[in-house]
Amino acid sequence: MTDTARTGGCLCGAVRYTLSEAPRTYGACHCRMCRRFSGGIELGVEVRPDGVAWEGEDRIRTFKSSEWAERGFCDICGSSLFWRLIAPGPMQGLLSLSAGSLDSLEGLDFDIEVYIDHKPTTYAFAGERRQMTEAQILEMVRAGGEDAP
Amino acid sequence: MSRKTGQCLCGAVRVTVRNMPLRMEACHCATCRRWTGGAPYLGVAVARADVLFTGEDDIGIYRSSGWAERGFCRRCGAHLFFRMAGAALTDNLSLCPGILDDVSGIVLTQEMFIDQKPDVYDLTGERPRITRAEALALLDEHLERKGMERTSDHD
């Protein structure tokens, strides 16, 4: 298996991080909030709460975008860094790390697209992978699935 | 051409665009991927005179190179635009379509820095896909008209 990048950071370099485990997969979210946040197409890598060590953490600004999540970005260059689950529960602190911030995407498997029913029709990623609609996501959250977002 | 409105995630910055071009471009360069946190970057080239921002005090500007800068909301981190800066200033800016309330009718017509695109994703469809060298040649032409010279190879 190819070695994947465990390090990354923002555009200006003020914020850097190291992951405790090499990521294997990433996914895209096409929801309205992710589209507003990213300036492009949001790509994320799931990282468990204690799975990242930050440098320059004092430059990270967070914005609570819903009752259960916040988003982090560099307050100097504006680079997106993460979506983080803040709702109480066993998964509290789970990160969807902004995949574009990784030093390399090479070797990662693009395995899911969520909120696919919110994707503008003018672009689409090539290839076959699991796709979930908003209704399917909300159903999964209600069911308390262990991989709830 | 039409009128479009939009806003950042928190609503501190709002935008109204008149004469909205119905074309967007994608950029796969490493700088854009780092900034957006995803890929690719998406932008609509709009005339600056046709763009009205409110809440401008909350717009953070980051100068990402000698000739360009990027705008974001300081409160929520929403990405707003890329534009030429300083002496390289143009009449246009590249507005991130993600902030628009409605992107219907806007078609993806070009991809740039296709040779910097990681192998792990591709967009479907047929459209011009220009390389880094081709994009930088266009940039160099622009800078030369402004009496400037490129001093680094990223944007």
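Along each chain, numbering runs from 1 in the same order as the chain's sequence is written. All chains are assigned letters beginning with A, and all ligands numbers beginning with 1, in the order in which they are written. Local features in this predicted model are restricted to residues of pLDDT 70 or higher, and side-chain atom pairs are both shown and tallied only at a pLDDT of 80 or more, whereas totals for entire chains, interfaces and linings draw on every residue.

1. A look at unusual backbone geometry
Of note, the bond from Ala39 of chain B into Pro40 of chain B is cis; its omega dihedral lies within 30 degrees of zero at -15 degrees. Each helix is a run of H or I in the DSSP string that is no shorter than four residues. Each strand is a run of E no shorter than two, and both are numbered from the N terminus. One can find Pro40 of chain B in strand β4 (residues 38–47). With phi around 55 degrees, Tyr115 of chain A is a residue other than glycine that occupies positive phi space. As for its placement among the helices and strands, Tyr115 of chain A is situated in the loop between β10 (109–114) and β11 (130–132). Of note, Phe113 of chain B is a non-glycine position whose phi angle comes to about 55 degrees, a positive value.

2. A look at the environment of Thr151 of chain B
Here Thr151 of chain B lies in the segment after α2 (132–145). Each C-alpha atom of the pair Thr151 of chain B and Trp67 of chain B lies 9.4 Å from the other, and the pair is 84 residues apart in sequence.

3. Let's talk about the sheet that holds strand β2 (residues 14–20) of chain B
All names here are of chain B. Read from one edge to the other, the open sheet built from three strands follows the order β1-β2-β5, with strand pairing classed as antiparallel. Edge positions in the open sheet fall to β1 (2–7) and β5 (51–54), since each of these has one partner strand only. Averaged over all pairs of adjacent strands, the angle between strand axes in this sheet comes to 15 degrees, irrespective of strand direction. At least two DSSP bridges between two strands are needed for those strands to be called paired. Bridge count between β1 and β2: five bridges; the pairing is antiparallel. When the sheet's bridge partners are listed, Gly6 is paired in β2 with Val15. Angles shown run from 0 to 180 degrees and are taken between the N-to-C directions of axes, each axis being a line fitted to C-alpha atoms and, for helices, limited to the stretch in contact.

4. Considerations on the nonpolar core
Ranked by internal contacts, the top residues of the largest apolar core, which has 68 residues, are Cys8, Ala78 and Leu80 of chain B. Of all the elements, β4 of chain B adds the most residues to this core, at five residues. Any pair of residues counts as being in contact when their C-beta atoms, constructed from backbone geometry, are within 7 Å of one another. With near-sequence residues (within four places) excluded, Cys8 of chain B lies in contact with Arg36 of chain A together with Val13, Cys73, Cys76, Ala78, Leu80 and Ile99 of chain B. Nonpolar core, as used here: buried Ala, Val, Leu, Ile, Met, Phe, Trp, Tyr and Cys residues forming one set through C-beta atoms within 7 Å. In this scheme the burial state of a residue depends on its C-beta neighbours within 10 Å: 20 or more other such atoms mean buried, 12 or fewer mean exposed, and anything in between means partly exposed; the C-beta positions come from the backbone.

5. A few points about helix α2 (residues 134–143) of chain A
Taken across its 10 residues, α2 of chain A has zero buried, putting it largely on the surface. Immediately downstream of α2 of chain A, the backbone of Gly144 of chain A shows phi near 70 degrees, a positive value.

6. Let's talk about α2 of chain B
Taking 1.5 Å of rise per residue, 14 residues should cover 20 Å, and α2 of chain B covers 20 Å from first to last C-alpha, within 8% of that figure. Positive backbone phi, at 75 degrees, marks Gly147 of chain B, one or two positions downstream of α2 of chain B. Helix span, as expected, comes to 1.5 Å for every residue beyond the first.

7. As for the sheet that holds strand β1 (residues 7–9) of chain A
All names here are of chain A. Overall, antiparallel pairing links the three strands, which are arranged β1-β2-β5 in an open sheet. Looking along the sheet, the strands with just one partner apiece sit at the ends: β1 and β5 (52–55). Neighbour-to-neighbour, the strand axes of this sheet turn through a mean angle of 20 degrees, independent of strand direction. Relative to β5, strand β2 (residues 16–19) runs antiparallel, the two being bridged by four bridges. Directly across from Thr18, in β5, lies its bridge partner Ala53.

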